Amino acid sequence: MSKVVIGADNLGLPLKDVLVEHLKSKGHDVTDIGTNTSDPVDYPGVGRRLAEKIAAGEFERGILVCGTGAGMAIVANKVPGVRAVCVTDPYTAERAIASNNAQVITMGAQITGASVAKMLADIYLANEFQAERSGKKVAQIDALDAETRKAG
């Protein structure tokens, strides 16, 4: 089973809690970095904290939840070395890891129901990167990331 870190803003809190319970019931080692309050929480702080844990190698996979999933994906992708994909359907959940080697997926609590979110997380965590097919492309993404960091 996977070692997974999960986080959400206040809009994503209810769905995050469903996912935490579901993933633990499947035997995954889940670390919840919050939020754990319905008080307003800006998603950039949560997204950055999770992405930095991924970049540091503390976790191989992460899940972020906000209202749409889009904002969390943008934030996570700003952290050097992190690839995040907003998932809304089974095929994208599979290809996020299989083709793009995304360490993070994001979801929108206001657009994705609990049963679909659980399915998407299961699909993502059940698949692996297909380096033989997509390694060259991901290496190009990594090179762009390194160039951008050096230029910045």
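As a reminder, the structure under discussion sits directly above these lines.
Definitions and cut-offs
Position labels on residues start from 1 in each chain and follow its written sequence. This being a predicted model, a pLDDT of at least 70 is required before a residue's local features are given, and a value of 80 or more before pairs of side-chain atoms are given or counted; all residues contribute to the totals for chains, interfaces and linings. Side-chain figures throughout are based on the complete set of non-hydrogen atoms in the structure, without hydrogens or water. To define a nonpolar core, start from buried Ala, Val, Leu, Ile, Met, Phe, Trp, Tyr and Cys residues and group those joined through side-chain atoms within 4.5 Å. Relative accessibility decides the category of a residue: with a 1.4 Å probe and only protein chains considered, values under 20% of the type maximum give buried, values over 50% give exposed, and everything between is partly exposed. A run of DSSP states H or I qualifies as a helix once it reaches four residues; a run of E qualifies as a strand once it reaches two. Both are numbered from the N-terminal end. In what follows, residue pairs with any heavy atoms lying within 4.5 Å of each other are defined as contacts. For two strands to be treated as a pair, DSSP must find at least two bridges joining them. Interaxial angles span 0 to 180 degrees and are taken between N-to-C directions of axes, which are lines fitted to C-alpha atoms, for helices over the stretch in contact. In this analysis, rings of Phe, Tyr and Trp, with Trp reduced to its six-membered ring, are considered paired at centre separations within 6.5 Å, and the interplanar angle assigns stacked below 30 degrees, edge-to-face beyond 60, and tilted for intermediate values. A ring has a charge above it when a Lys NZ or an Arg CZ is no more than 6 Å from the ring centre and no more than 35 degrees off the ring normal. Each angle is binned into one of four classes, with values under 35 degrees roughly parallel, values over 145 roughly antiparallel, values of 65 to 115 roughly perpendicular, and all other values oblique. Should the near helix be turned counterclockwise from the far one by less than a right angle, the crossing is left-handed, whereas a clockwise turn marks it as right-handed. Note on residue classes: Ala, Val, Leu, Ile, Met, Phe, Trp, Tyr, Cys and Pro are nonpolar, Asp, Glu, Lys and Arg are charged, and everything else, Gly too, is polar.

Student: How should the nonpolar core be read in this particular structure?
Tutor: Taken as a class, soluble globular proteins show a tendency for nonpolar side chains to be buried jointly. If you look at the biggest cluster of nonpolar residues, it comprises 23 residues, and the most contacted ones within it are Leu-19, Ile-63, Val-87, Ala-96, Ile-105 and Met-107. Among the secondary structure elements, those contributing two or more residues to this core are strand S1 (3–8), helix H1 (13–25), strand S3 (61–66), helix H4 (90–98), strand S5 (104–108) and helix H5 (114–126). Leaving out residues up to four positions away in the same chain, Met-107 has contacts with Leu-19, Ile-63, Leu-64, Val-65, Cys-66, Thr-68, Gly-69, Val-87, Ala-117, Leu-120 and Ala-121.

Student: Can you help me understand the sheet that holds S1 in this one?
Tutor: Across a sheet, strands are paired by hydrogen bonds formed along the backbone, either parallel or antiparallel in direction. Read from one edge of the open sheet, 5 strands run S2-S1-S3-S5-S4, paired in parallel fashion. In the strand order of this sheet, the two ends are held by strand S2 (29–32) and strand S4 (84–86), each with one partner. Taking the axes of each pair of neighbouring strands and ignoring which way they run, one obtains an average angle of 20° across the sheet. Examined bridge by bridge, S3 and S5 share 5 bridges and lie parallel to one another. Bridged to Ile-63 within S5 is Ile-105. Along the sheet, helix H3 (residues 70–78) makes contact with S1, S3, S4 and S5, crossing S3 at roughly 135°.

Student: Mind showing me how you'd approach the packing of aromatic side chains here?
Tutor: Two aromatic rings, taken as a pair, are described by how far apart their centres are and by the angle between their planes. In this structure the tally under the stated criterion is 0 aromatic pairs. The positively charged end of Lys-3 is found above the aromatic ring belonging to Phe-59, 5.1 Å away from the centroid. Taking the ring centre of Tyr-124 as reference, the NZ or CZ of Arg-61 above it sits at 4.9 Å.

Student: Hey, could you run me through the packing of helix H2 (residues 43–55) against H3 in this one?
Tutor: Axis angle and axis distance: for two packed helices, these are the angle between their axes and the distance between the axes, and together they describe the pair. It is at 8 Å that the axes of H2 and H3 come closest, and there the two elements cross at 45°. Relative to H3, the element H2 lies oblique. Where H2 crosses over H3, the two elements pack in a sense that is right-handed. In this structure, H2 uses Tyr-43, Pro-44, Val-46, Gly-47, Arg-48 and Ala-51 to contact H3, whose residues at the interface are Gly-71, Met-72, Val-75 and Ala-76. Along the lines of polarity and charge, the residues of the contact of H2 with H3 split into 7 nonpolar, 2 polar and 1 charged.

Student: How should I be thinking about the environment of Glu-128 in this particular structure?
Tutor: Within the secondary structure, Glu-128 sits in the loop between H5 and helix H6 (131–151). Taking the C-alpha atoms as reference points, Glu-128 and Asn-101, 27 residues apart in sequence, are found 7.8 Å from one another. When residues no more than four places from it in sequence are discounted, the contact partners of Glu-128 are Arg-61, Ile-97 and Ala-98.

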